[in-house]
Amino acid sequence: MRIILLGPPGSGKGTQGDLIEKRYNFPKISTGDLLRRAVQEQTPLGKKAEVQMNRGELVSDEIVEELVRERIFQADCRQSYVLDGFPRNIAQAKSLEKMDGEVPEIVIEIKINEQELISRLAARRVCSQCGAIFNLDVRKPNKEEVCDICGALLIQREDDKPAVVQERLRVFEEKTEKLRDFYLRKKVYHWVDGSEKIETLFGKISFILDTELGKFKENEVRR
Ligand code: AMP
């Protein structure tokens, strides 16, 4: 089973993806996290991606597809996995089908209005070491600027700075929104209201997943 989380930056895909991973034991694959690691380690791929990421632009499809291909064929993804931040355009969606086409899909879009996104991204802080996500308004760290989980320094992502956020939202509207129609046509599309509290939203996402996974199991048994 392939679970795809769609939604603009700041809509909560990463947080909900982590919760899905914990509850269902499906590995979460975040292309943003994979790219940030490559940039931090200054790998050749990371060096290529860094400029585009810092401008809020999309990294080239080939680079991201390569990262996804490497990850989804690892042993822990054999049963199911959750994608956060991929696909981000129709070309990537088609290439995912080519890579791993047979897998049944559940697509969930987290919808949220722009004003709320802008204030969320301004308050978001991430751990410079383990990547844990905090929010200075609603999910404060126990100690200012320090990660509750590993004790490393919390930072603001370069691309969460206001000038870059505008560009990321524009890119989302232009490219990623077309994916909604693509998945609607495949009859695998669902949406949830991202302005709800983390736990409430996760309850709704779990309901969709339990229902769809249940249908899938029923079909397997019937076959
Ligand atoms: P995210 O953490 O998902 O918001 O991603 C951060 C940045 O990484 C994006 O603004 C893009 O520059 C890059 N990125 C992440 N996923 C993709 C993707 N699927 N395609 C192209 N660029 C991506």
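Overview of the structure.

1. Comments concerning the packing of helix 7 (residues 162-176) against helix 8 (residues 178-185)
Now for step 1: At a minimum axis distance of 5 Å, the contact between helix 7 and helix 8 shows a crossing angle of 35 degrees. Contacts between helix 7 and helix 8 involve E174, K175 and T176 from the former and K178, L179 and R180 from the latter.
Now for step 2: Tallied by class, the residues present in the contact of helix 7 with helix 8 amount to one nonpolar, one polar and four charged.

2. Overview of the packing of helix 4 (residues 61-72) against helix 5 (residues 90-100)
Now for step 1: Running from N to C, helix 4 and helix 5 cross one another at 30 degrees; their axes reach a closest spacing of 11 Å. It follows from the interaxial angle that helix 4 and helix 5 lie roughly parallel. Like other packed secondary-structure pairs, helix 4 and helix 5 cross with a definite hand, here right-handed. Contacts between helix 4 and helix 5 involve D61, V64, E65, V68, R69 and I72 on the former and, on the latter, A91, Q92, S95, L96, M99 and D100.
Now for step 2: A breakdown of the residues in the contact of helix 4 with helix 5 according to their chemical character gives six nonpolar, two polar and four charged.

Calculation criteria
Residues numbered from 1 in each chain as written. Predicted model: local features only at pLDDT ≥ 70, side-chain atom pairs only at ≥ 80, totals over all residues. Heavy atoms only, no water. Axes fitted to C-alpha atoms, helices over the stretch in contact; angles between N-to-C directions. Helix = DSSP H or I, 4+ residues; strand = E, 2+ residues; numbered from the N terminus. Contact = heavy atoms within 4.5 Å. Nonpolar A, V, L, I, M, F, W, Y, C, P; charged D, E, K, R; others polar. Parallel < 35°, antiparallel > 145°, perpendicular 65-115°, else oblique. Left-handed = near helix turned anticlockwise from the far one by under 90°.

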